[in-house]
Amino acid sequence: MNEKFYALPEEKQNRIINAGFRVFSQNSYNKSPVNEIALEAGISKSLLFFYFKNKKELYIFLLKKVEEITRKTLMEAAVNKCDDIFDMMYQGLLTKAKMMKAYPDMSNFSIKAYYEKDPDVVNEVREIIAPYTEMKTNASVANIDISKFKEGIDLRLMYQDMYLASEGYMWRMQQMDNIDVDKMIRDYKEIIDFWKSLYLK
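No experiment lies behind these values; they were computed from the predicted model shown.

> So what exactly am I meant to see when it comes to the overall build of the chain here?
A tally of helices and strands in the chain yields nine helices and zero strands. Secondary structure elements in the chain, listed N-terminal to C-terminal, are α-α-α-α-α-α-α-α-α. In terms of its C-alpha atoms, the chain occupies a principal-axis envelope of roughly 65 × 35 × 30 Å. With 201 residues in all, the chain has 39% of them scored as buried. Considering only contacts within the chain whose residues lie at least 6 apart along the sequence, 67% involve residues at least 24 apart. Taken together, the 30 basic and 30 acidic charged side chains of the chain have centroids lying 2 Å from each other.

> Is there a simple way to explain the nonpolar core in this structure?
The tendency in soluble globular proteins is for nonpolar side chains to be buried as a group. Core analysis: the biggest nonpolar cluster contains 34 residues, and I16, L48 and Y59 have the highest contact counts within it. Among the secondary structure elements, those contributing two or more residues to this core are helix 1 (10–26), helix 2 (34–41), helix 3 (45–51), helix 4 (55–77), helix 6 (106–114) and helix 7 (122–133). In terms of residue count, helix 4 provides more of this core than any other element does, eight residues in total.

> Looking at this model, I keep getting lost on the environment of E36. Mind explaining?
Its location among the elements puts E36 in helix 2. Taking relative accessible area as the criterion, E36 reaches 33% and is therefore assigned partly exposed. In this structure the C-alpha to C-alpha distance between E36 and E124, which are 88 residues apart in sequence, comes to 23 Å. Excluding its chain neighbours within four sequence positions, the residues that come into contact with E36 are V23 and Q26.

> Is there a simple way to explain the pattern of salt bridges in this structure?
Proximity of charged atoms lets side chains of opposite charge pair with each other. For the structure on display, the rule yields 10 salt bridges. In this structure, the salt-bridge partner of R15 is E11, at a minimum N-O distance of 3.0 Å. Linking R15 with E11, this pair stays in helix 1, spanning four residues, or about one helical turn. Judged by relative accessible area, R15 falls into the partly exposed class, the value being 29%. The class for E11 is exposed, based on a relative accessible area of 53%.

Scoring rules and cut-offs
Residues numbered from 1 in each chain as written. Predicted model: local features only at pLDDT ≥ 70, side-chain atom pairs only at ≥ 80, totals over all residues. Heavy atoms only, no water. Helix = DSSP H or I, 4+ residues; strand = E, 2+ residues; numbered from the N terminus. Buried < 20%, exposed > 50% of the residue type's maximum accessible area, 1.4 Å probe, protein only. Contact = heavy atoms within 4.5 Å. Lys, Arg positive; Asp, Glu negative; His and termini not counted. Charge placed at Lys NZ, Arg CZ, Asp CG, Glu CD. Core = buried A, V, L, I, M, F, W, Y, C linked by side-chain atoms within 4.5 Å. Salt bridge = Lys/Arg side-chain N within 4 Å of Asp/Glu carboxyl O.

Structure representation (structure tokens):
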């Protein structure tokens with residue numbers, strides 16, 4: 001990638017990044033036209049190729065950017081330091097909401113990339129996402145204070161159920177053309193309060 005991309009003002013960088021997220025999230029890699037990305041970013045196709053030598057380099061850059069943005073935002077929010085599973089999930093949602101406001105199509109792009117089979121990029125995609133596909137969804141239950149929960153609750157099944165429900169809810173919200181992020185936060189807070197009433201003493 002041309003280092004001059006990072007010399008651009010942050011606003012222009014984000015415009016190019018968001019344009020890439022949007023176009024690649026709506027099409028397969030092969031059917032995503034670079035000229036459409038350039039048009040949406042407000043630059044010429046030749047200038048886009050000045051920053052990225054080809055479509056593949058742009059695509060892989062964007063996938064790595066998802067990882068970078070997510071890691072940075074989670075660290076800033078200190079989600080992994082929450083000692084209450086419900087607080088952790090709510091803080092996780094707030095973190096996702098923050099990213100959705102700045103990068104509306106990032107999540108859909110990452111989902112699309114996960115299932116991408118184009119031979120030009122599939123090996124690189126698998127290499128980037130491999131560490132995350134190996135993570136366990138119930139890894140966060142190890143330090144939970146079980147005394148707060150009703151007797152007989154299987155914490156791992158509880159967490160898995162909440163995790164999958166959360167992912168399903170987020171996916172449904174992301175299918176909407178215009179997401180009301182603030183309403184999404186309010187709705188999710190109600191869901192968490194419901195879970196608390198089910199599982200806590």
